[in-house]
Amino acid sequence: MTDTTRTPAPGTLPSRTLGTGGAALAVSAVGFGGMSVTDAYGPADAAEAEAVLRRALELGVTLFDTADVYGHGRNEELFGRVLGPHRDEIVLASKFGLPPAGGHPDGRPVDGRPEYVRAAVDASLRRLGTDRLDLYYLHRVDPQVPIEETVGALAELVEAGKVRGIGLSEPSAATVRRAHAVHSVTAVQSEYSLWTRDPEDEVLPTLRELGVGFVPFSPLGRGILTGTVDATDGFAEDDVRRAHARYAGEAFEHNRGLVRSLEQLAAEHGVTTAQLALAWLLAQGDDVVPIPGTKRVAYLEQNVAAAAVELTPDDVATIGAAIPRAAVQGVRHPQPDLLDG
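Just so you know, these numbers come straight off a predicted model, no measurement behind them. The residue count restarts for each chain, going from 1 along the sequence in the order it is written. Given that the model is predicted, a residue must reach a pLDDT of at least 70 before its local features are reported, and side-chain atom pairs must reach 80 or more before they are shown or counted; all residues, however, enter totals for whole chains, interfaces and linings. The side-chain values count all of the structure's non-hydrogen atoms but skip hydrogen atoms and water molecules.

(A) Geometry of the overall build of the protein. Counting its regular elements, the protein contains 10 helices and 9 strands. Accessibility here uses a 1.4 Å probe with only protein chains present; expressed as a share of the type maximum, an area under 20% marks a residue as buried, one over 50% as exposed, and anything in between as partly exposed. Out of the 341 residues in the protein, the part that is buried amounts to 56%. For this analysis, residues touch if any pair of their heavy atoms sits within 4.5 Å. Look at the contacts in the protein between residues 6 or more apart in sequence, and 76% of them connect residues 24 or more apart. Only the protein chains shown count as cover for residues, and the accessible areas themselves come from Shrake-Rupley with a 1.4 Å probe. Surface summary for the protein: the accessible area is close to 13600 Å², and the carbon and sulfur share equals 50%. Under the DSSP-based scheme used, a helix requires at least four consecutive residues in state H or I and a strand at least two consecutive residues in state E, with every element numbered from the N terminus.

(B) Structural view of the sheet that holds strand β7 (residues 163-169). A pair of strands is treated as paired once DSSP finds two or more bridges between them. Spatially, β3-β4-β5-β6-β7-β8-β9 is the arrangement adopted by the 7 strands of the open sheet, whose pairing is parallel. The open sheet terminates on both sides in strands that have one partner only, identified here as β3 (32-33) and β9 (213-217). Relative to strand β6 (residues 133-138), strand β5 (residues 91-96) runs parallel, the two sharing 4 bridges. The residue bridging Phe96 from the neighbouring strand is Leu138, located in β6.

(C) Region of interest: helix α1 (residues 46-58). Spanning 13 residues, α1 covers 19 Å between terminal C-alpha atoms, matching the ideal 18 Å at 1.5 Å per step. Listing the buried residues of α1 in full gives Ala49, Val52, Leu53, Arg55, Ala56 and Leu57. Tucked into the core, α1 has its buried residues touching β3, β4 (63-65), α2 (74-83) and α9 (297-305). Pairing of N or O atoms within 3.5 Å defines a polar contact, subject to two protein rules: one partner must be a possible hydrogen donor and the other a possible acceptor, and residues neighboring in sequence count only if both atoms are side-chain atoms. The backbone nitrogen of Ala47 has a side-chain oxygen 3.1 Å away, supplied by the residue at the start of α1, namely Asp45. Gly60 sits one or two residues past α1 and shows a positive phi near 95°. One fewer than the residue count of a helix, multiplied by 1.5 Å, yields its expected span.

(D) Seen up close, the side chain of Thr150. As for its position among the elements, Thr150 is in helix α4 (residues 147-160). Since its relative accessible area comes to 1%, Thr150 is described here as buried. Setting aside its immediate chain neighbours within four residues, Thr150 contacts Phe96, Gly112, Val117, Leu138 and Val145.

(E) Examining the packing of aromatic side chains more closely. Pairing of aromatic side chains requires ring centres within 6.5 Å, counting the rings of Phe and Tyr and the six-membered ring of Trp. Pairs whose planes differ by under 30 degrees are stacked, by over 60 edge-to-face, and all others tilted. For the coordinates displayed, the defined rule picks out 5 aromatic pairs. Taken together, a centroid distance of 5.9 Å and an interplanar angle of 50° make the contact between Tyr192 and Trp280 tilted. Linking Tyr192 in the loop between β8 (185-191) and α6 (203-210) with Trp280 in helix α8 (residues 273-282), this pair joins segments that are 88 residues apart in sequence. The exposure class of Trp280 is buried, given its relative accessible area of 3%. Among the aromatic residues, ring-to-ring pairing joins Phe32, Phe64 and Phe79 into one connected group.

Shown next as structure tokens:
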């Protein structure tokens, strides 16, 4: 097998398609999730963050994902600064709906009101230094606003040329159907990895029925599926994993133990543990485009090289069984009330 732990050749990433028809977007098989290059997992170095984005471009990554809430807007500004000169070469995605630092003025945990949609996109476009977004996601479904109203406002943005494709993050299958009936949904973004299989139950089958692409975030379990996180006491005080039950106490020790079998399989394949976890995701279907994030160039290169890992159907089954779904301990999200359905 090819040694994919080495630096991949520039521009060798295969492409995949999110969505169908006029809303379809051609993207690299592995995208880039931007949250970690600001401050979600402890302090981030600005110069290294820029280097990571530039290297991603060199390697052929074309799907770049950010959000207005990441770094309180600084993430979008970083993307705009580095990616701006390459705007026509990439697919740029952002998200709206979660409250800014300090919370929403009226205490709303999520905001999907049409008037907020219009204000949020203009603010994001300013920070990104562009006149359009290729993919614009509702970051979480607003339980106080019918999804038809939010998607209706997003459809107006498509008509105005400010947005090419509409996305939803962490919706239920029923919400996807209701949204898609108003306007074609290009992609759904949800947490999906070897230790988070929830989308397999209803969401993924629904997306495939409707021709909607799937973008897994946290495809490496916020780091644990890399096999490099052996303890949590070194996490920075503002590391988001401190709020996650799966990274706490006995649950973390148990979950870390589950990854040992994945490490052994990775060694047998001659790849890193992270690469095997990403290759398993990529093998779930050509409509699946994971967006691993990192603030290190070396890890970025390893993640991108995962697209070259070849797995047989037996390999996929063995890897999937290495971390049994029911064996993972701890709820996956610290704020389950923000999840739809």
